[in-house]
Amino acid sequence: MAKSLVIVESPAKAKTIEKFLGKDYRVLASYGHVRALPSKQGSVDVARDFEPRYHVLPESRKHVEALKKEASRSREIILATDPDREGEAIAWHLLQALGIEEQSKSPEVKRVVFHEITKGAIQKAISQPGQISRELVDAQQARAILDYLVGFNLSPFLWKKIRYGLSAGRVQSVALRLICEREKEIEAFVPREYWSIEALLESAAGKAFRARLTVVDGTKLDKFAIGDEARATQLVDAIASENFRVAEITRSEKRRNPSPPFTTSTLQQEASRKLGFSARKTMTVAQKLYEGIDVGDGASGLITYMRTDSVALSNEATSEARKVITFLFGAEYALENPRVFKNKSKNAQEAHEAIRPTSIANTPEKVKPYLSSDQYRLYQLIWKRTVASQMTPAILDATTVDIAAGDRFVFRATGQVIRFPGFMKLYIEGTDEAEEEQEGTLPALEEGEAVRREAIIPEQHFTQPPPRYTEASLVKTLEEYGIGRPSTYASIMNTLVVRKYARLEKRTFYPEDVGRVVSDLLVTHFPKYVDYEFTAKLEEDLDAVSRGEERWRPLLREFWDPFIGLLKSKEKEVSKEDVTTEKTDRNCPECGKPLVVKLGRAGKFLACSGFPECRYTEPLSAEEREEPVVSEEKCDKCGAPMLIKEGRYGKYLACSGYPACRNIQPLVKPKSLGITCPECREGELMEKKSRYGKIFYSCNRYPKCKYALWDMPVEEPCPTCRFPLTVEKTTKREGTVRKCPKEGCDWKVVLLAPEKPAKAEAAEKKPPAKKAATTKKAAAKGKTAGKK
């Protein structure tokens, strides 16, 4: 009989930890949250000071019963859930579900916290138990209740005023506003013309270089100083007769320091930029690296806890980093004293340690044979960032040369060379901005030296609109505003796409018509509740609750009373027609009544205002549709440029030589996964997109082989039936799971617990007829995938 019962969230973590603790400990998983607010009205009793009415989740009942049974024969219960607010709340809910008092002596209740799953860290945590932090629990309760109150009151409002099935969220709606407002900025943007003038020059030694005109008649030129071609031509003609000489040379040394090690937010951003991972995929892969992988000496966590706001590194980590840097790169790349980064997090209780390898001696190449491709790439990114943060600065020599052209004009050339690479030898942080042309070296020049003019080159430019948000830049912006928690960003962005409020094309967010209508409605009628500063202030208040500086119930009351009052008034003021209908200056060709723009399931369209007497409709006019864009691809049949067009199933490539050439291609080409087809064992599985835009995976030998999957295949055999591959699937009810796709095999393991499992009950309570319809629809889609 086990003396101690240790409870963690995931079975993968339980398996790793039990190996470290030995026979006196029994480690079981709760499989994520066990209690939550039911997804129905009345789950929070506002009249009783926001008393939550939790219930045990249906899918968690069997796990709770198993835990109760084991707890009844254990001397002590050790709650070892994650070291953050959510983990603290899960620990508290576990005790409530098990019916055990926190001060119980039989069994005795302990709370332990660790930030890496290694033998030393686990044993140290077990030897230093503490208690559940009620401040963190209260902060998490307040957040859950706030989100519930907003979602279950504002969403029905959207159903009445726009259409059924829409949702609003406290942070989700603010993220949607960012995306929609950026689109409006782009649409309203008016390009502004400007010109630059460069001189192609040659030194006395015959070395060519370029310089840009910066001063005319003693006045420094700003970006728009040369506004049109006429002015540019006038200047070029004037410069053509001048002699060029080196007027001044300035040399300086620049030092560049590395970026701090990863937090949750910066890991999501950099994985998006450098690996092309979505935020959700990044967290799923990181979870697996944290929970433990066997790298030859038994399963052990490879990285520290991946939900953190801290950029701090432990003394042990910096000491080990110095040894590894000295061994791999030389002593000149190692710091004498560790570099300490300032932590921006106001919440000290969540500022534990940055995301880093648990052992820096585990180089990416050393563990590569034991990792999947995605795991290796993410681990390599984390390892490089951590090690680079403790390397010496890069030293660059910068040179600026001012070249006089007669008495009126000054050109400037700049060059930069790396004298000592320092941390740049290993790692350079990515950016969301368009990469600027790298500065190269300049030839040896002396002040007063005459230089030969080869050509004067005027160049036209236009200002560009602000870029649309990518996952990386949206995460960065949300964090800069202080909106939401980094650990929730992945689910927020996923919800926007699933709800069809926005779509992701080449990792860039485009708002859909319905998303814009929802955002406009909320901004117009609920401006306070989608305001960036208000939402950020609410996050600060929740942080204050977690530190014990504020009480959660008064915070909820302060939010609720004005919110519900405004909502009730808007119920009467706002009509559906005002929100979903836009007037036009056109009349119906059938009855003569005005045409209006309506919002339908597939987006906006023109309809007669005389409906239902007149049922005339038409797509939006060609002027309001995007013109075909010339792509970089060439037609593989006739060589003409391919155009990006939009059809009923979305965007596609079509030959510009139509009608002479009728070649069309999908915009997103099938992508090889490098996985052998398990059915024919000859072809490779490809990632494709169905005509309805859904991703599926099929053999590249189609139609000879018709093997297809809806779920993402992973090149890891099923441990039960040895089928050559498994699949990963993410749902709201189960979270992210890995399972066997072979019919008759029920092997399945949870990789990432559901983030909002309370919604599962709502799905279970759908009418049977609706379930049947959904099943038929899924079956129909399955046939479509098979035909692909």
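Below is a short write-up of the structure.

About the criteria used
Residues numbered from 1 in each chain as written. Predicted model: local features only at pLDDT ≥ 70, side-chain atom pairs only at ≥ 80, totals over all residues. Heavy atoms only, no water. Helix = DSSP H or I, 4+ residues; strand = E, 2+ residues; numbered from the N terminus. Buried < 20%, exposed > 50% of the residue type's maximum accessible area, 1.4 Å probe, protein only. Contact = heavy atoms within 4.5 Å. Areas by Shrake-Rupley, 256 points an atom, 1.4 Å probe, with all protein chains shown as cover. Lys, Arg positive; Asp, Glu negative; His and termini not counted. Charge placed at Lys NZ, Arg CZ, Asp CG, Glu CD. Pairing = 2+ DSSP bridges. Phe/Tyr/Trp six-rings, centres within 6.5 Å; stacked < 30°, edge-to-face > 60°. Lys NZ or Arg CZ within 6 Å of the ring centre and 35° of its normal. Right-handed = clockwise from strand over helix to strand, strands pointing away. Core = buried A, V, L, I, M, F, W, Y, C linked by side-chain atoms within 4.5 Å. Salt bridge = Lys/Arg side-chain N within 4 Å of Asp/Glu carboxyl O. Axes fitted to C-alpha atoms, helices over the stretch in contact; angles between N-to-C directions. Expected span 1.5 Å × (residues − 1).

1. Some details on the overall build of the protein chain
Next, step 1: In terms of helices and strands, the protein chain carries 20 helices and 35 strands.
Next, step 2: Projecting the C-alpha coordinates of the protein chain onto the three principal axes gives extents of approximately 95 × 85 × 65 Å.
Next, step 3: Of all 788 residues assigned to the protein chain, the portion counted as buried reaches 49%.
Next, step 4: When contacts within the protein chain are restricted to residue pairs at least 6 apart in sequence, those whose partners lie at least 24 apart make up 64%.
Next, step 5: By element, 49% of the accessible surface of the protein chain is carried by carbon and sulfur atoms, the whole surface being about 40,200 Å².
Next, step 6: Here the protein chain holds 130 positive side-chain charges and 112 negative ones, and the gap between their average locations is 7 Å.

2. Here we look at the sheet that holds strand E23 (residues 617–618)
Within a sheet, neighbouring strands are paired by backbone hydrogen bonds and run either parallel or antiparallel to one another.
Next, step 1: With antiparallel pairing, 4 strands are arranged side by side in an open sheet as E20-E21-E22-E23. Edge positions in the sheet fall to strand E20 (581–587) and E23, since each has one partner strand and no second.
Next, step 2: Bridge analysis of strand E22 (residues 603–608) against E23 gives 2 bridges, and the strand direction is antiparallel. If you follow Leu 606 over to E23, its bridge partner there is Glu 618.

3. A closer look at unusual backbone geometry
Next, step 1: In this chain, Ser 106 is followed by Pro 107 through a cis amide linkage whose omega measures 0°.
Next, step 2: If you trace the backbone, Pro 107 turns up in the loop between helix H3 (85–98) and strand E8 (108–111).
Next, step 3: Residue Pro 703 follows Tyr 702 across a cis peptide bond; omega there is 10°.

4. Describing the packing of aromatic side chains
Next, step 1: By the definition in use, this model includes 17 aromatic pairs.
Next, step 2: Between Phe 244 and Phe 411, the aromatic rings sit 5.5 Å apart at their centres with planes inclined by 50°, giving tilted as the arrangement. Taken together, the positions of Phe 244 in strand E12 (residues 244–256) and Phe 411 in strand E16 (residues 409–420) put the pair 167 residues apart, joining distant regions of the chain. Comparing Phe 244 with Phe 411 shows no difference in burial state: the two are buried.
Next, step 3: Three or more aromatic residues joined by ring pairs make a cluster, and in this case those are Tyr 529, Phe 534, Phe 559, Trp 560 and Phe 563.
Next, step 4: The aromatic ring of Tyr 427 is capped on one face by Lys 274, whose charged end is 4.2 Å from the ring centroid.
Next, step 5: In this structure, Lys 368 packs its charged tip against the face of Tyr 376, placed 4.8 Å from the ring centre.

5. Quick notes on the pairing of strand E10 (residues 208–216)
Next, step 1: Sheet topology note: the strand E9 (residues 193–202)/E10 ladder contains 5 bridges and is antiparallel. Bridge pairing in E10 places Leu 201 opposite Phe 209.
Next, step 2: Between E9 and the antiparallel strand that follows it, E10, lie 5 residues; Gly 206 among them carries a positive phi value of about 90°.
Next, step 3: The sheet contact formed by E10 and E16 spans 4 bridges and is antiparallel. Among the inter-strand pairings, Leu 213 is bridged to a residue of E16, identified as Phe 411.
Next, step 4: Sheet topology note: the E10/strand E11 (residues 219–220) ladder contains 2 bridges and is antiparallel.

6. Examining the pairing of strand E1 (residues 4–8)
Note on strand geometry: in a regular strand, side chains alternate between the two faces of the sheet.
Next, step 1: Burial runs high along E1: 5 of the 5 residues are buried.
Next, step 2: Covered by surrounding structure in E1 are Ser 4, Val 6 and Val 8 together with Leu 5 and Ile 7, the residues of both alternating faces.
Next, step 3: Sheet topology note: the E1/strand E7 (residues 76–79) ladder contains 4 bridges and is parallel. The residue of E7 that forms the bridge with Leu 5 is Ile 77.
Next, step 4: Where E1 meets strand E2 (residues 25–29), 5 bridges bridge the pair, whose relative direction is parallel. Residue pairing across strands places Ser 4 opposite Tyr 25, the latter belonging to E2.
Next, step 5: Handedness of the E1-helix H1 (residues 11–21)-E2 crossover: right-handed.

7. Describing the nonpolar core
Note on soluble globular proteins: their nonpolar side chains tend to be buried together.
Next, step 1: Within the largest apolar cluster, 83 residues are counted, with the highest numbers of intra-cluster contacts made by Leu 79, Leu 154, Leu 158, Ile 162 and Val 518.
Next, step 2: With 11 residues, the single largest contributor to this core is helix H5 (residues 134–161).
Next, step 3: Membership of the second largest hydrophobic core comes to 58 residues, among which are Ala 80, Val 285, Leu 302 and Ala 321.

8. Observations concerning the pattern of salt bridges
Next, step 1: Under the defined criterion, the tally for this structure stands at 52 salt bridges.
Next, step 2: A salt bridge links Arg 307 to Asp 82; the shortest N-O distance between them is 4.0 Å. Placement of Arg 307 in the loop between strand E14 (299–300) and helix H10 (315–329) and of Asp 82 in the loop between E7 and H3 is noted, with a sequence separation of 225 residues between them. Residue Arg 307 shares its accessibility class with Asp 82, and that shared class is buried.
Next, step 3: Here Arg 255 makes a salt bridge to Glu 253, at a shortest N to O gap of 3.5 Å.
Next, step 4: In this structure Arg 255 comes out as exposed when scored by relative accessible area, which is 55%.

9. Section: the side chain of Glu 70
Next, step 1: Structurally, the position occupied by Glu 70 is in helix H2 (residues 61–71).
Next, step 2: On the basis of relative accessible area, Glu 70 is assigned to the buried category, the value being 8%.

10. Structural notes on the sheet that holds E2
Next, step 1: The sheet built from 4 strands is open, its strands ordered E2-E1-E7-E8 with parallel pairing. Of all strands in the sheet, those bounded by a partner on one side alone are E2 and E8. Pairs of neighbouring strands in the sheet enclose a mean axial angle of 20°, with direction left out of account.
Next, step 2: One ladder, built from 4 bridges, connects E7 with E8; its direction is parallel. Bridge pairing in E8 links Glu 76 to Glu 108.
Next, step 3: The sheet strands contacting H1 are E1 and E2, and the helix crosses E2 at an angle near 170°.

11. Examining H1
Next, step 1: Looking at H1, one finds that the buried residues are Ala 12, Lys 13, Ala 14, Thr 16, Ile 17, Phe 20 and Leu 21.
Next, step 2: Buried residues along H1 sit in contact with E1, E2, helix H4 (119–127), helix H9 (279–291) and E14.
Next, step 3: Positive backbone phi, approximately 90°, marks Gly 22, located one or two places after H1.

12. Re H3
Next, step 1: Taking 1.5 Å of rise per residue, the 14 residues of H3 would be expected to cover 20 Å, and the 20 Å separating its terminal C-alpha atoms lies within 8% of that figure.
Next, step 2: Most of H3 is tucked away, with 12 of its 14 residues classed as buried.
Next, step 3: Buried residues of H3: Arg 85, Gly 87, Glu 88, Ala 89, Ile 90, Ala 91, Trp 92, His 93, Leu 94, Leu 95, Ala 97 and Leu 98, and no others.
Next, step 4: Note on H3: the residue one or two positions beyond its end, Gly 99, has a positive phi of about 70°.

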